[in-house]
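Here's the letter readout for the chains.
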Amino acid sequence: MRFRLLGPIEFFNGTKWVGVAPAKLRALLAVLLLNRNQVVSNDYLVHQLWERRSPRSANNLVQQYVLRLRRALDDCHAELLTTRAAGYELRVGPEDLDIGRFTELLGAGQAALRAGDADRAASQLTEALALWRGQALADVLPTPVVTAEAARLDEQRMVALEARVDAELARGRAAELISELRTMVREQPLRERRWAQLMLAHYRSGRQGEALAAYREVRRILDTELGVQPGAELERLHRRILRADPTLVLPPAAATIADPPHHGRIDRPTEIRPAQLPADLPAFIGRKQALAELDAILTAAGCRPTSPEIAVLTGTAGIGKTALAVHWAHRIAGRFPDGQLYLNLRGFGPSGQAMHPAEAVRSLLDALAVPSTSIPASLDAQVGLYRSRLAGKRMLIVLDNARDADQVRPLLPGSPGCLVVVTSRKRLTSLTAIEGAHAVLLDLLAAEEARELLVSRIGADRVAAEPDAADMIIASCSRLPLALAIVAARSAAHPAFPLASLASELLDARQRLDALAGEDAATDLRAVLSWSHHSLSGSAARLFRLLGLHPGPDFAVPAAASLIGLPEGQTGTLLAELANANLLREHRPGRYTLHDLLRAYAAELALRHEPDSDRHAANHRLLDHYLHTGYAAVQQINPHRGPISLPAPQPAVAVADFADHESAFGWFATEHAVLVAAVEHAARARFDTHAWQLTWTLTDFLHRTGRWHTWVAVQQEALEAAKRLRLPERQARIHRGIAIALAELGQLDQAQQQLRHALDLSNRLADKVGVAHNNLNLAWTLARQGNHEQAARTAAKALDLFRAAGHRYGEAVALNNVGWYHAQLGHYDRALVDCQRAVELSRSIGDRHTEAIALDSLGFVQHRLQQHDQATARYLRALDLHREAGARHNEAKTLTSLADSYRAAGDTEAARRAYEQAFSILVELGHPTAEQVGAKLKQLGARLKQLG
């Protein structure tokens, strides 16, 4: 296959499966794949990607996205994605897409089931379901065609799942299906077929009472939810169970466990049947997805009659690999009548000495009761004997805590019939590539699973009594099972201690690892993590330690390269080693993260092993990377903004360049959370110049996306840094920035107080442009208070100062503001002139952001003059510019004004759509005007209801 849609969208780049970024590219690829081998018009793509909100430049944007998609697919010669006169065509064969393979296997499985070949049907349907990696098109924007196709595919998945259960029931596996079917009816309680399968499974397992209880339960659910009775199929099955219909029971031959798909089974009645599995947990929590993946591997084992089946469970330290492996092994042990072997390979442990393959093979031979006198001397001969003893057997082998693939290979059986389960902190990708192993990667528990784990260990009453403290514990433990188990053990040992006291111990990252220290190495999180750290190469270990300095939440290769001071290619290799060791995770293509406990451990190691000078230099390089790259992005987003002077970056710092506004804005959209954390990190580490300069780079993005609370927070950090550096001019600008954000949040008195501080500083410095900006912002807050006359006079002062200084950008902004305030006073002729001049001036200097705002003002004036067609045209053009700039708050404001204009012109349906879009954006931004727009929307809805 070349493309996968049954889950997040991915394509195979010749080496591995990779995702697609950004979101619009994913949507484009999805639409083309869903219309594969057909010419798709540009208009159709515009409709799918934007629906009714397409910008005027949408056609050009589609062309750009197509070019970027070709680059991503390595299709530079347009052989795969071709351009036609009427649009674009993506050439994809049926074997290139997982949907095609799934459809083929589903059809074949259903045909085999109808023909009575249950074994073949189960095999094909299991293989079909194994293609799924989550919900279809999981990470694709919900375009019309994507939404419809995802719903269709999800229904087909349920059909396949239910058909596989029918096949397994026909194979005599009723008892083994009950747990799975209980989960299925909980997930889809209104699908009667699943209830019928559960009833039949109970009955064939000798549980007639439970089968009848299942019928009573589904009848209650259908009556409560839908007010209907069960359908004819369930009714017939219910009557047959009541009268113990003998035809419901399979003949004995079908009810036995099928022989393995190979011949030549050797019976050795004198040999013992090993049962070495450790005890299962009393209450195993969660891991439904991983268990489903493992079950699919087992069910698919019959498809490979020439080799043993291998499952590799990987994940970071403390993630619960062994617990899952042992739990699943107990669940399936009955399918392996020749026994279960278990061996701890000690790949990661306090001794640091992994078990040698010779010792491992000898242990397994002992478990198979091979006399010591019969064991040969050489390792190769021992491996041969081990494999000979397993030939013809059906045995489950759990190889726990493997160091690497070379440690595992000698322990793999040489013939089919056996299942090997391997756990390791490393990915063991060569086992997947060469031996065809199935990899199951364990991630952190879901929040609900983490809560269930706490409940299972300390009781539901304690968790319910202190839900906030429980949430704090879960967050501080990063949803890591081992950490949660350690805290739960402490809590259980001291039932009188409130959970809040335990939660408070975990709040300080520097003390968190102390709070998670157990009584021995196996339950001391610090010790458990150290075993992974010791297994790394020297350079990878150093990078891991330095990543403890990164403020998070995630990072890309250039940031890591800057941190360690190495080229990006070399750093990428080290990141791959860390990912292979599950010490970090590539959660999106090219972006890495490590959970908070790993970050705390890495920071502790950096403090212990890295000299102060090295840590300082690493921090300097990291902050230089974000500062200089952010500055380059600002030059694309707002080229008219007054520049700041940056010192040259440190040697070995990676600095990105940006070709256009879109790529620069996309970088900020990806990195803004990191940049906010970097400001705080810089201030805490006393990189004060970086603190205020990083804040400077962020302000355009935060302003345009309406992140006012974040803006206030970073500006406060920048202000303290500027004070420490004794930079009064910078302090004045920061006060002004804080005022803007506070005013947007409706805190006008505090905003004016900030402006008074700024104005005082600017006057003392004789900074006329600064005074002009302060007057402009002061006018804005006055207008917010309804004092438009004073606002107009104050903005006019700012206009005169900008003109005197030759500051054309400030002049354009001031012209628009003066015009806006006159419009609020009803002076529409004066406002029309000023706003039109603001549009022309901003357009002449290429300032599209100010042009959009001035167009919005002009639209308002024309709306008040009853020139609704002209007003609508102004608003629509302003919307295009706001969307191109990513200015979400301004987009919402213009949408609200556009809706007002539509409503005044009598187009209530268009007004409703515009209000809804504006309201959605404002709610997302947490803006105080959301309530006002919501009221307008509610009022209009009531009006439409009256008319309808």
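Our structure's up above, just so we're on the same page.
Everything numeric in this text was worked out from a predicted model, so none of it was measured.

(A) Region of the structure containing the sheet that holds strand β11 (residues 555-556). Strand order in the open sheet formed by three strands is β11-β13-β12, and the pairing between neighbours is antiparallel. Every interior strand has two partners, whereas the edge strands, β11 and β12 (585-588), have only one. Two strands pair when backbone bridges link them, and β12 and strand β13 (residues 591-593) are joined in this way by three bridges, in the antiparallel orientation. Its bridge partner being in β13, R585 is matched across the sheet by T593.

(B) Quick peek at the pattern of salt bridges. Within this structure, the stated rule accounts for 53 salt bridges. Here R164 makes a salt bridge to E180, at a shortest N to O gap of 2.1 Å. You can see R164 sitting in helix α6 (residues 144-170) and its partner E180 sitting in helix α7 (residues 174-187), a full 16 residues away along the chain. Given a relative accessible area of 7%, R164 falls into the buried group. Several salt bridges share partner residues, and in doing so they unite D119, E168, R171, R173, E176 and R335 into one network.

(C) Structural context of the nonpolar core. Within the largest apolar cluster, 164 residues are counted, with the highest numbers of intra-cluster contacts made by I473, L525, F544 and F555. Leaving out residues up to four positions away in the same chain, F555 has contacts with L547, H550, A560, L575, L584, G590, R591, Y592, L594 and Y626.

(D) Focus on a nonpolar patch on the surface. Among the surface-exposed residues, L190, L226 and V228 lie close enough to one another that they form a single nonpolar patch of about 240 Å² accessible area. By secondary structure assignment, the location of L226 is in the loop between α9 (208-225) and α10 (232-242).

(E) Spotlight on the sheet that holds strand β3 (residues 17-18). The antiparallel open sheet is built from three strands, whose spatial order is β1-β2-β3. This sheet does not close on itself; its edge strands, each paired only once, are β1 (3-4) and β3.

(F) Quick look at the side chain of S762. Here S762 is to be found in helix α34 (residues 748-764). Beyond its immediate sequence surroundings of up to four residues, S762 is in contact with A732, D767, G770, V771 and N774.

(G) Unusual backbone geometry, seen in detail. In this structure, P553 follows G552 across a cis peptide bond, with omega equal to 5 degrees. On the secondary structure map, P553 appears in the loop between α25 (538-547) and β11. With a phi angle near 60 degrees, N37 is a residue other than glycine that sits in the positive phi range. In this structure, N37 sits in the loop between α1 (23-34) and α2 (42-50). You can call N37 partly exposed: its relative accessible area is 41%. Unlike most non-glycine residues, R287 shows phi in positive territory, near 60 degrees. Relative accessible area serves as the criterion here: at 9%, R287 is assigned to the buried category.

(H) Up close: the environment of H863. Take H863: it is sitting in helix α39 (residues 848-864). Considered as a pair, H863 and F348 are 515 residues apart in the sequence and their alpha carbons are 72 Å apart. If we ignore the near neighbours within four places in the chain, the residues touching H863 are H868, A871, Y875, D900, S901 and A904.

(I) Expanded view of the side chain of E851. With respect to the helices and strands, the residue E851 is situated in helix α39. For E851, a relative accessible area of 5% translates into the label buried. Setting aside anything within four residues of it in sequence, one finds E851 in contact with V839, S842, R843 and L881.

Rules and cut-offs
Residues numbered from 1 in each chain as written. Predicted model: local features only at pLDDT ≥ 70, side-chain atom pairs only at ≥ 80, totals over all residues. Heavy atoms only, no water. Pairing = 2+ DSSP bridges. Helix = DSSP H or I, 4+ residues; strand = E, 2+ residues; numbered from the N terminus. Salt bridge = Lys/Arg side-chain N within 4 Å of Asp/Glu carboxyl O. Buried < 20%, exposed > 50% of the residue type's maximum accessible area, 1.4 Å probe, protein only. Core = buried A, V, L, I, M, F, W, Y, C linked by side-chain atoms within 4.5 Å. Contact = heavy atoms within 4.5 Å. Patch = residues over 30% accessible without salt bridge, like charges linked within 9 Å, V, L, I, M, F, W, Y side chains within 5 Å. Areas by Shrake-Rupley, 256 points an atom, 1.4 Å probe, with all protein chains shown as cover.

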